[in-house]
Amino acid sequence: AVGAVLLGVHAAWMATRAAPRTGTSRAINYVAPWFLLLVLNLVLKAFWPYPVYTASTDSMLPTLSREDFVLAEGARATCGETRPKPGDVVVYRRDALPYLARVVAGPGQTVGLHEGLLAIDGKVVARRALGSVPVAGLAVRATVVEETLPGGARYRTYDLGPDGPLDEIAPTTVPAGSWYLMGDSRDNSADSRSFGAVKGAEVCAVVIKIVTHKDKSRVGQKP
């Protein structure tokens, strides 16, 4: 869109230097289509129902890697109308910027952690260790843990041990109209454990498909 505008301005400048002609100004003929393209681009970006987002951090490892692309359901201009369910990966706003995280609990549910073990409504979430993997920049290995929420949603997380700064969270009830979000890389994520449940008005879209991923077998899957 920026390139189109620059080309349009350059064309208009060239037109003003050309010999006069009768009829509509050449500048208008050149600028109008590029202006319309710019407006169309902005409208599509705001109201296209299936926008694409980029994972900007490693907080969703191993589900999503930094710079992976995901397809979401929910136009940017209608942020706040999304109704996710526990287990969904969503796009939410914080300080006007979009982030990705997983819904682990909804309105009225109670969330707590003890030694890194997630508990929903007083019951520890079913989990299964799947081995360990190296983590870039760290001397320790991350344990790959498969969690299964009460509703049946299943996903994998990274766990660096039971004594992380966010591994002890007192039970808290999710307010009405809000969602409790957590990153899958539990010891490398700023989420609801830090800033509380996210209001529904700040939840913009549900991720429905992975577009790019280092593991090619994950492309096309729901995270």
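Use the structure listed above.
All residue numbers refer to position in the chain's written sequence, counted from 1. Only residues with pLDDT of at least 70 get local features here, since the model is predicted, and only at 80 or more are side-chain atom pairs given and counted; chain-wide, interface and lining totals rely on the full set of residues. Hydrogens and water molecules were not included; the side-chain quantities draw on all heavy atoms of the structure.

Draft legend 1. Broad picture of the overall build of the chain. In this text, helices come from DSSP runs of H or I with a minimum length of four residues, and strands from runs of E with a minimum of two, each type numbered from the N-terminal end. Of the regular secondary structure elements, the chain holds 3 helices and 14 strands. For the chain, the C-alpha radius of gyration of 23 Å lies well beyond 17 Å, the compact-globule estimate for 223 residues. Buried means the residue's accessible area, taken with a 1.4 Å probe over protein chains only, is under 20% of the maximum for its type, while exposed means over 50%, and partly exposed covers the values in between. Considering the chain as a whole, with its 223 residues, one finds that 39% of them fall into the buried category. For the chain, restricting intrachain contacts to residue pairs at least 6 apart in sequence, the fraction spanning at least 24 positions comes to 54%. Summed over all atoms, the accessible surface of the chain reaches about 12,600 Å², with 60% contributed by carbon and sulfur. Only four residue types enter the tally: Lys and Arg on the positive side, Asp and Glu on the negative side, with His and both chain ends excluded. Here the site of a charge means atom NZ of a Lys, CZ of an Arg, CG of an Asp or CD of a Glu. Taking the 25 positively charged and 20 negatively charged side chains of the chain as two groups, their mean positions are separated by 11 Å. What the globule rule says is 2.2 Å times the number of residues to the power 0.38, and the radius of gyration is computed from C-alpha atoms. Only heavy atoms matter for contacts: two residues are in contact if any of them lie within 4.5 Å across the pair. Methods summary: accessible areas were calculated by the Shrake-Rupley approach with a probe of 1.4 Å, and residue burial reflects only the protein chains presented.

Draft legend 2. Representation of the sheet that holds strand 13 (residues 198-199) within the structure. Spatially, the 7 strands line up as an open sheet ordered 1-2-14-3-4-12-13, and their pairing is antiparallel. The two strands at the open ends of the sheet, each matched to only one other strand, are strand 1 (52-54) and strand 13. Direction of pairing for strand 4 (residues 97-105) relative to strand 12 (residues 178-182): antiparallel, over a ladder of 3 bridges. When the bridges of strand 12 are listed, Ala-105 appears paired with Tyr-180. Criterion used throughout: strands pair if DSSP finds at least two bridges between them.

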